Every structure is written in C-alpha cells, then in structure tokens.
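Chains, contacts and geometry: an overview
Okay, here's what each chain looks like letter by letter:
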Amino acid sequence: QVRLEEHGGGLVQAGGSLRLSCAASRRSFVAWFRQAPGKEREFVSAITWSGGSTYYTDSVKGRFTISRDNAKNTVYLQMSGLKPDDTAVYYCAAGPTSSSYYSDGSTYSYWGQGTQVTVAS
C-alpha cells in the first residue's frame, strides 16, 4: 500500500507559479491528475520511480515540470505560466497496474486527497 499526501495548492494570478508536492509512504511510479468543476479528471504528468522518464499532457508541456526526491519519497510538480484553465483540484496517484497506461487514471491504485489550485485572470 502507498499513502500519498499533497501540498502546495493555492490561489495565484495568471502567469504565476506554484509548486505542488506529493509525499509518498514508499517509492513508486507517480502521476498527477486534475479535475476542474464539471469536467472529467485528466492526466497532467507522470514520473517513473527512478525519475529517469517523465510524461506530460500537451497542454502543460513547457510550463510544468515534474521531478522527484527519492531521499524524501516526494514528487514535485512545478507549475509556471499558469492559466485560468489550469484551475482544478490536483491529485497525485501511485501504484499503476501498468506504467504503459500512465495517463489512464483507472490503472492507479492509490490516490491523495487532492489540493486546490485556483488561477485568477
């Protein structure tokens, strides 16, 4: 079992930055998803347990950076150039049944409680 805890959400002006963190109880493949009001959950980014490979959805490429500190079992999502469309609850997830389907939320067994990110225009 993997316990996950997110931190770092908040209110920011468009163009600003935030860094989310996801503290895990043990090392795992970790992904970030987000869900805006009235919309389906969508994949944002993922990182392998070694940190050697990272993945992003097209809408955040060049603006978001995922990284990890395995000494702390923590994964970070640095978000820059934030837009109002980035407003959502952000969740970290771990323990996919197959990392080949990293963008499919149904493959993940463990989820954090979520952290709200609000980008004001």
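Here goes a summary of the coordinates provided. As the structure is a computational prediction, the values presented were derived from the model and not from experiment. (Residues numbered from 1 in each chain as written. Predicted model: local features only at pLDDT ≥ 70, side-chain atom pairs only at ≥ 80, totals over all residues. Heavy atoms only, no water.)

**Some remarks on the packing of aromatic side chains**
Definition in use: Note on aromatic contacts: the rings of Phe and Tyr and the six-membered ring of Trp form a pair at centre separations within 6.5 Å, being stacked when their planes are under 30 degrees apart, edge-to-face when over 60 apart, and tilted otherwise. Think of it this way: any DSSP run of H or I at least four residues long counts as a helix, any run of E at least two long counts as a strand, and we number them from the N terminus. To sort residues, take the accessible area from a 1.4 Å probe on protein chains only and compare it with the maximum for the residue type: under 20% means buried, over 50% means exposed, and anything in between is partly exposed. Geometrically, a charge over a ring is one whose NZ (Lys) or CZ (Arg) sits within 6 Å of the ring centre while staying within 35 degrees of the ring normal.
Evaluation of the coordinates by the stated rule reveals seven aromatic pairs. Pairing Phe33 with Trp111 gives two aromatic rings, centres 5.2 Å apart and planes at 55 degrees, and the pair type is tilted. Taken together, the residues Phe33 in strand S4 (residues 30-35) and Trp111 in strand S10 (residues 108-111) connect sequence positions 78 residues apart. Take Phe33: its relative accessible area is 1%, and that puts it in the buried class. The ring of Phe33 is capped by Arg41, whose NZ or CZ atom sits 5.8 Å from the centre of that ring.

**Some details on the sheet that holds strand S3 (residues 18-24)**
Selection rule: Strands qualify as paired when DSSP identifies two bridges or more between them. Here an axis means a line fitted to C-alpha atoms, over the contact stretch when the element is a helix, while the angle between two N-to-C directions is reported on a 0 to 180 degree scale.
A sheet is described by the order of its strands in space; here four strands give the open sequence S1-S3-S8-S7, paired in antiparallel fashion. Among the strands making up the open sheet, the edge pair consists of strand S1 (4-7) and strand S7 (64-69). Mean inter-strand twist for the sheet, computed between neighbouring axes without regard to direction, equals 15 degrees.

**Let's talk about the pattern of salt bridges**
Pairs may arise between side chains of opposite charge once their charged atoms sit close together. Just so we agree on the cut-off: The salt bridge criterion pairs a side-chain nitrogen of Lys or Arg with a carboxyl oxygen of Asp or Glu, the two atoms within 4 Å.
Counted according to the given criterion, the structure contains four salt bridges. Across the salt bridge formed by Arg34 and Glu42, the nearest N and O atoms sit 2.6 Å from each other. For Arg34, a relative accessible area of 5% corresponds to the buried category. Close ionic contact of Arg63 with Asp86 constitutes a salt bridge, the shortest N to O distance being 2.7 Å. Of this pair, Arg63 sits in the loop between strand S6 (54-56) and S7 while Asp86 is found in the loop between strand S8 (74-79) and strand S9 (88-96), placing the two residues 23 residues apart along the sequence. Assessed through its relative accessible area of 15%, Arg63 is described here as buried. Given the relative accessible area of 2%, Asp86 is considered buried. Overlapping salt bridges bring together Arg34, Glu42, Arg63 and Asp86 as one network.

**Digging into unusual backbone geometry**
As a rule of thumb, non-glycine residues mostly have phi less than zero, and peptide bonds are mostly trans rather than cis. Phi is positive for Asn73, which is not a glycine, with a value near 50 degrees. Along the chain, the position of Asn73 falls in the loop between S7 and S8.

**A word on the pairing of S3**
When you tally the buried positions in S3, you get five out of seven residues, the bulk of the element. Pairing analysis gives six bridges linking S3 to S8, with the strands arranged antiparallel. In the strand pairing of S8, Leu20 is matched with Leu77.

**Remarks on the nonpolar core**
It is characteristic of soluble globular proteins that their nonpolar side chains tend to be buried jointly. Which entries qualify depends on this criterion: To define a nonpolar core, start from buried Ala, Val, Leu, Ile, Met, Phe, Trp, Tyr and Cys residues and group those joined through side-chain atoms within 4.5 Å. We call two residues contacting when some pair of their heavy atoms lies within 4.5 Å.
By size, the foremost hydrophobic cluster in this structure holds 25 residues, and its most contacted members are Trp32, Phe64, Leu77, Met79 and Tyr90. Counting only elements with at least two residues in this core, the list comes to S3, S4, strand S5 (42-47), S7, S8, S9 and strand S11 (115-120). Discounting chain neighbours no more than four positions away, the residues touching Leu77 are Leu18, Arg19, Leu20, Trp32, Val44, Ser45, Phe64, Thr65, Ile66 and Tyr90. Within the second largest apolar cluster, seven residues are counted, among which are Ala31, Phe33, Ala93 and Tyr108.

**Re the environment of Gly114**
Within the secondary structure, Gly114 sits in the loop between S10 and S11. C-alpha of Gly114 to C-alpha of Glu5: the two residues are 109 residues apart in sequence and 7.9 Å apart in space. Sequence-distant contacts of Gly114, that is, excluding residues within four places in its chain, are made with Glu6, Val89, Tyr90 and Tyr91.

Distances and angles like these do not, on their own, reveal function.
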